[in-house]
Amino acid sequence: MAIRCLRARALSSVAARGVLGQSRREPRLVLGIETSCDDTAAAVVGETGRVLGEALHSQKETHLKAGGIIPPVAQRLHREHLDRVVQEAMDNSGVSLNELTAIATTIKPGLALSLQVGLEYSLKLIEQYKKPFIPIHHMEAHALTIRMLQLVEFPFLVLLISGGHSLLAVARGVDDFILLGQTLDEAPGDTLDKVARRLSLRNHPACCTMSGGEAIEYLARMGNRLRVEITQPMSRHLDCDFSFSGLRNQVNQIIMKKEKEEAGIQDGQLLSCVNDIAAAVQHTVAVHLAKRTHRAILFCKKENLLPQSNPALVVSGGVASNKYIIKILQIVTEANGFSLNCPPPKLCTDNGIMIAWNGIERLRAGIGVLHNPKAIRYEPKAPLGINLSEQVGKAALKVPYLKLKI
């Protein structure tokens with residue numbers, strides 16, 4: 001089945017901007033606010049999925065220079081920019097805060113200092129404008145974004161992969177998830193960023209403005225993964241959990257060996273084999289994700305968790321922007337009769353649109369809409385759904401061989 005990576009009618013800011021008469025045709029309007037990590041984002045979305053206005057301030061350049069996200073710095077930048085970002089989204093939407101149906105904000109999971117900024121700001125808005133508040137689980141928002149763009153009915157399988165998270169779950173409803181597996185250590189995006197940092201890719205002339213994951217994907221196109229041998233993580237564990245820290249340790253050892261072989265290389269200089277390492281790392285991450293996803297598909301079939309006709313896999317989160325990983329996953333979905341559904345890259349990374357849409361979904365379902373949110377707290381760590389990962393491990397399903405090569 002063909003992959004459905006949408007370029008999204010709903011993303012057109014031209015269609016979304018500024019005409020008040022158009023906005024009033026939307027039965028419900030939600031302002032979404034996102035500050036879970038290092039992007040300050042806001043958007044106004046209507047019940048039909050139309051994006052009326054959006055704005056985002058990225059902290060990427062600041063954290064690239066620092067070599068990683070520093071929570072107090074992220075918090076300060078959120079505080080400096082959040083009011084402007086929300087005002088810009090509202091201005092672009094052509095509606096006033098009084099016309100909103102509700103305000104939705106990420107409260108879990110994420111960096112505590114970042115979540116705090118968004119929640120405190122939102123509670124002040126709610127108090128001032130007397131609007132209902134919809135607290136949002138960040139991973140739930142990623143999982144449901146695809147439904148803003150196309151009709152993907154519950155239940156469906158979802159793979160969420162980002163810089164801070166990786167998990168496999170069955171989405172049975174707006175707030176009804178069955179967790180099949182998750183990372184045991186670090187997330188794939190975090191691993192790619194750390195490998196890029198260890199390879200000094202910021203010093204590569206073509207990669208100096210890219211995130212670590214972007215740089216790995218870019219250089220991997222010019223590399224030969226077969227020149228670097230990396231052992232596949234958790235190959236003996238017949239479950240759907242992920243592990244990437246061992247992979248990163250392997251790569252660190254490879255880099256140290258190559259540095260010794262290339263005598264005279266200075267700190268910060270690029271190895272001659274940097275493209276090959278990037279290609280091998282990207283492929284290993286992709287195959288690890290694909291094999292765990294394949295096992296999740298087999299478990300869902302065994303337990304009858306998904307419809308027999310037109311079952312769907314949704315892939316979202318920042319790492320879903322990696323085209324190589326998506327192509328490897330497509331091999332798995334095509335072999336199992338699944339459709340592969342992926343939001344456009346703009347909606348895979350953190351954004352206010354997905355938070356506002358999650359608010360719309362919850363409004364429709366009448367779930368989690370608070371009229372007195374004073375007791376609400378942010379939660380840096382928060383599970384998603386009912387955890388069946390132990391049962392998946394006990395099933396010990398063997399994944400049949402697929403040629404995961406493109």
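The following paragraphs examine the structure supplied in this document.

Calculation rules
Residues numbered from 1 in each chain as written. Predicted model: local features only at pLDDT ≥ 70, side-chain atom pairs only at ≥ 80, totals over all residues. Heavy atoms only, no water. Helix = DSSP H or I, 4+ residues; strand = E, 2+ residues; numbered from the N terminus. Buried < 20%, exposed > 50% of the residue type's maximum accessible area, 1.4 Å probe, protein only. Core = buried A, V, L, I, M, F, W, Y, C linked by side-chain atoms within 4.5 Å. Contact = heavy atoms within 4.5 Å. Pairing = 2+ DSSP bridges. Phe/Tyr/Trp six-rings, centres within 6.5 Å; stacked < 30°, edge-to-face > 60°. Axes fitted to C-alpha atoms, helices over the stretch in contact; angles between N-to-C directions. Parallel < 35°, antiparallel > 145°, perpendicular 65-115°, else oblique. Left-handed = near helix turned anticlockwise from the far one by under 90°. Nonpolar A, V, L, I, M, F, W, Y, C, P; charged D, E, K, R; others polar.

**Some details on the environment of Lys403**
Structurally, the position occupied by Lys403 is in the segment after α15 (389-395). Residue Lys403 is classed as exposed on the basis of its relative accessible area of 58%.

**Section: the nonpolar core**
If you look at the biggest cluster of nonpolar residues, it comprises 64 residues, and the most contacted ones within it are Leu157, Leu180, Leu199, Ile277 and Val315. Tallying contributions element by element places helix α11 (residues 274-302) first for this core, with 16 residues. Excluding residues that lie within four positions of it along the chain, Leu199 makes contacts with Ile216, Ile255, Leu270, Leu271, Val274 and Ile277. Judged by nonpolar contacts, the second largest core, of 24 residues, contains Val44, Leu52, Val95 and Ile103.

**Focus: helix α9 (residues 212-220)**
Here α9 lies mainly inside the structure; seven of its nine residues are buried. Among the residues of α9, Gly212, Gly213, Ala215, Ile216, Glu217, Leu219 and Ala220 are the ones counted as buried. Against α8 (188-198), α11 and α12 (323-335) lie the buried residues of α9.

**Remarks on the pairing of strand β2 (residues 29-34)**
Counting buried positions along β2 gives six out of six residues, so the element sits mostly inside the fold. Here β2 shows a buried face lined by Leu29, Leu31 and Ile33 and a second buried face lined by Val30, Gly32 and Glu34. Where β2 meets strand β3 (residues 39-46), six bridges bridge the pair, whose relative direction is antiparallel. Across the sheet, Val30 pairs through a bridge with Val45, a residue of β3. Between the antiparallel neighbours β2 and β3 lie four residues. As judged from the four bridges shared by β2 and strand β5 (residues 102-108), these two strands associate in the parallel manner.

**Let's talk about the packing of aromatic side chains**
In this description, an aromatic ring pair is defined by two values, namely the gap between the centres and the angle between the planes. Within this structure, the stated rule accounts for two aromatic pairs. Aromatic side chains Phe242 and Phe244 sit 6.3 Å apart centroid to centroid with 15 degrees between the ring planes, which places their arrangement in the stacked category. Take Phe242 and Phe244: they sit in the same class, and that class is buried.

**Re the packing of α9 against α11**
Direction vectors running N to C along α9 and α11 enclose 110 degrees, while the axes themselves pass 8 Å from each other. Between α9 and α11, the crossing angle belongs to the class labelled roughly perpendicular. With respect to the hand of their crossing, α9 and α11 are arranged in left-handed fashion. Contacts between α9 and α11 involve Ile216, Glu217, Leu219 and Ala220 from the former and Val274, Asn275, Ala278, Ala279 and Gln282 from the latter. When its residues are assigned to classes, the contact of α9 with α11 shows six nonpolar, two polar and one charged.

**Re the sheet that holds strand β4 (residues 51-58)**
Sheet strands associate in pairs through backbone hydrogen bonding, adopting either a parallel or an antiparallel arrangement. On the basis of which strands lie adjacent, the open sheet formed by five strands has the order β4-β3-β2-β5-β6 and mixed pairing. Either end of the sheet is taken by a strand with one partner, and the two such strands are β4 and β6 (133-137). Averaged over all pairs of adjacent strands, the angle between strand axes in this sheet comes to 20 degrees, irrespective of strand direction. Here β5 pairs with β6 via five bridges, running parallel. From the neighbouring strand, Ile103 faces β6, where its bridge partner is Phe133. Against the sheet, helix α5 (residues 112-129) makes contact with β2, β5 and β6, and its axis sits at roughly 155 degrees relative to β5, the strand it touches most.

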